[in-house]
Amino acid sequence: MERGTENKMGQDLIYISGKRVILRPLMEEELTLEYLNWLNDPLINEYSQKRPFPIGWGKMKSYSEYYLKNPQEGFVLAIIEENKKIHIGNIALVNIQLVNRCAEIAILIGNKDYWGKGYGSECIYFLAKHAFFEMNLNKIFAGSFNPAFVKCVEKIGWKKEGEFEERIWCNGKYHNQIWMSILRSQFKEIDLYENKE
């Protein structure tokens, strides 16, 4: 199959559609050197718990393959910028607990050109909406020591649940891990993100 055809197939695939982003299954075409560089870039991974460990081709591929083989545990979606149709990061729903009807969100915006522009909030908003109304989950949560992540989810209605004191070691000191969450009953549609005519 020609590379151009393969790219077009991936770009045409839509799982969740937002105003500025498309969230769709991570395709083989995204497993590039650029993506691998994201996973090893110290600045991109400053707040990632994976940052102390190098990631090679095998580990990059095995991450998405694991969830393909174990869909009950979660899934990974590519974040595609809707206008330029380029891969700017990934978002995942993991640690799915069907009995407790809850799951954890993890996100990586690897393309630095899209930092600080609200793409993270939009992606988390749409994945949480999908989890609540398509998967019938009741709670979505995430833990981070990144102040920007906390602000990102607070502006879409998430609440702070608490902190794990000195839970994360980074840059020569310990940091508190802040746990944020949102319940289905707390979720409200945000006109800024919705494709309403």
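Rules used in this analysis
- Residues numbered from 1 in each chain as written.
- Predicted model: local features only at pLDDT ≥ 70, side-chain atom pairs only at ≥ 80, totals over all residues.
- Heavy atoms only, no water.
- Phe/Tyr/Trp six-rings, centres within 6.5 Å; stacked < 30°, edge-to-face > 60°.
- Buried < 20%, exposed > 50% of the residue type's maximum accessible area, 1.4 Å probe, protein only.
- Core = buried A, V, L, I, M, F, W, Y, C linked by side-chain atoms within 4.5 Å.
- Helix = DSSP H or I, 4+ residues; strand = E, 2+ residues; numbered from the N terminus.
- Contact = heavy atoms within 4.5 Å.

Asks: How should the packing of aromatic side chains be read in this particular structure?
Replies: Given two aromatic rings, one states the distance between the centres and the angle between the planes to describe the pair. Under the defined criterion, the tally for this structure stands at 15 aromatic pairs. Ring plane angle 85° and centroid distance 5.1 Å describe the contact between Tyr 114 and Tyr 119, whose orientation is recorded as edge-to-face. Residue Tyr 114 is classed as buried on the basis of its relative accessible area of 10%. On the basis of relative accessibility, which here comes to 8%, the residue Tyr 119 falls in the buried class. Plain terms: the ring middles of Tyr 125 and Tyr 193 are 5.1 Å apart, the flat faces sit at 45° to each other, and that makes the pair tilted.

Asks: Explain the nonpolar core to me, please; I cannot follow it from the model alone.
Replies: Nonpolar side chains in soluble globular proteins generally cluster together in the buried interior. Grouped together as the largest cluster of nonpolar side chains are 37 residues, with contacts concentrated most on Leu 23, Ile 91, Leu 93, Ile 105, Ile 124, Ile 140 and Trp 158. Elements represented by at least two residues in this core include exactly strand S2 (21-25), strand S3 (74-81), strand S4 (86-97), strand S5 (102-109), helix H4 (119-133), strand S6 (139-144), helix H5 (147-154) and strand S8 (173-183). The element best represented in this core is H4, accounting for nine residues. Discounting chain neighbours no more than four positions away, the residues touching Leu 23 are Ile 14, Tyr 15, Ile 16, Leu 77, Ala 78, Ile 79, Ile 91, Cys 123, Phe 126 and Leu 127. Among the nonpolar cores identified, the runner-up in size contains 17 residues, and Met 60, Val 76, Ile 80 and Val 94 belong to it.

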